[in-house]
Amino acid sequence: MLQLDLPVAGAQLRPWRRGDEDRCPATPTTETCGSRSETVPHPYTLDDAKEWIAAVTSQDPTVHLAIIVDGEAAGGIGLELQQDIFKRSAVIGFWLGEAHWGRGITTAALRALTEHAFASFDLCRLQAYVFERNAASARVLEKAGYVWEARLRKAATKDGRTFDVLVYANGEGVGRPRLLSGS
């Protein structure tokens, strides 16, 4: 079973398992987490959590992990492996319950999963999408070695509001866009 210890006291990553939904103190749907999908139910119920954990525990390979703090599920981090011509790319996403913010846990989790993803899958690129208002997640990505690549103007609409999305990436050849000479 995949388990990644984090360089933060009492924190590790491991696959989700049944029972985690009962102990997790927060959900990935709070405004502060800035979940990028409207497919996550809101409000997020215990039944929703059970359904999601049942789905991710049956995945092979395991690409969604619980962030465990002091023995309890406190958040999550995962990959969406891409297909077709994007098969060497994955989208990475994460969330952590507010009670655990400010301790470096999310940055450590992101570094650990990034390293694991590049070592375990034939990937050359990981990318993350961050709502423009989510400065904390952008900072976590930067501290974990991700580079800001783009601002997708008015690219997302959630809860009736349209806003910019920031794209961060890590991997081969990732860097700030530059102009070609003569452009």
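Since the model is a prediction, treat every value here as computed from it, not as a measurement.

The rules behind each value
Residues numbered from 1 in each chain as written. Predicted model: local features only at pLDDT ≥ 70, side-chain atom pairs only at ≥ 80, totals over all residues. Heavy atoms only, no water. Helix = DSSP H or I, 4+ residues; strand = E, 2+ residues; numbered from the N terminus. Buried < 20%, exposed > 50% of the residue type's maximum accessible area, 1.4 Å probe, protein only. Contact = heavy atoms within 4.5 Å. Areas by Shrake-Rupley, 256 points an atom, 1.4 Å probe, with all protein chains shown as cover. Salt bridge = Lys/Arg side-chain N within 4 Å of Asp/Glu carboxyl O. Core = buried A, V, L, I, M, F, W, Y, C linked by side-chain atoms within 4.5 Å. Pairing = 2+ DSSP bridges. Axes fitted to C-alpha atoms, helices over the stretch in contact; angles between N-to-C directions. Parallel < 35°, antiparallel > 145°, perpendicular 65-115°, else oblique. Left-handed = near helix turned anticlockwise from the far one by under 90°. Nonpolar A, V, L, I, M, F, W, Y, C, P; charged D, E, K, R; others polar.

**A short note on the overall build of the chain**
The helix and strand inventory of the chain stands at four helices and eight strands. Secondary structure elements of the chain, listed N to C terminal, follow the sequence β-β-α-α-β-β-β-α-β-α-β-β. Taking all 183 residues of the chain together, the buried fraction comes to 45%. Here the contacts in the chain between residues at least 6 apart in sequence split such that 63% fall between residues at least 24 apart. About 10300 Å² of surface is accessible on the chain, with carbon and sulfur atoms providing 50% of the total.

**Describing the pattern of salt bridges**
Within the structure shown, the criterion is met by eight salt bridges. For R139, the salt bridge goes to E142, with nearest N and O atoms at 3.7 Å. Taken together, the residues span about one helical turn, with R139 and E142 both in helix α4 (residues 135-143) at a distance of three residues. Residues R151 and D164 are paired through a salt bridge, measuring 2.9 Å at the closest nitrogen-oxygen approach.

**Considering the nonpolar core**
The biggest cluster of nonpolar side chains holds 35 residues, and the ones touching the most others in it are L13, I77, L79 and L110. Mapped onto this core, the elements with two or more residues apiece are β2 (11-15), β3 (64-69), β4 (72-81), β5 (89-96), α3 (105-120), β6 (125-131), α4 and β8 (161-171). Of all the elements, α3 adds the most residues to this core, at seven residues. Excluding residues that lie within four positions of it along the chain, I77 makes contacts with L13, V63, H64, L65, I67, I92, G93, F94, A109, L110 and L113.

**Points about the pairing of β3**
Across the six residues of β3, six count as buried, placing the element largely inside the fold. As paired elements, β2 and β3 share five bridges and run antiparallel to each other. Bridged to R14 within β3 is A66. For β3 and β4, the ladder comprises six bridges, and the chain directions are antiparallel. Among the inter-strand pairings, I67 is bridged to a residue of β4, identified as G75.

**Let's talk about the environment of Q3**
Of note, Q3 is situated in the segment before β1 (4-5). By relative accessible area, which is 39% here, Q3 ends up partly exposed. A sequence separation of 11 residues divides Q3 from R14, and the C-alpha atoms of the two residues are 4.6 Å apart. Residues in contact with Q3, not counting those within four places in the same chain, are Q12, L13 and R14.

**Here's the deal with unusual backbone geometry**
A cis amide bond, omega 10°, links D60 with the succeeding residue P61. Turning to its location among the elements, P61 is positioned in the loop between α2 (46-57) and β3. In this structure, K154 takes a positive phi of about 50° despite not being glycine. With respect to the helices and strands, the residue K154 is situated in strand β7 (residues 147-158).

**Brief notes about the packing of α3 against α4**
Running from amino to carboxyl end, α3 crosses α4 at an angle of 50°, the nearest separation of the two axes being 9 Å. In terms of axis orientation, α3 runs oblique to α4. For the element pair α3 and α4, the recorded crossing hand is right-handed. Contact with α3, carried on its side by T106, T107, L110 and R111, involves V140, L141 and K143 of α4 and no other residues of that element. Here the residues of the contact of α3 with α4 sort into three nonpolar, two polar and two charged.

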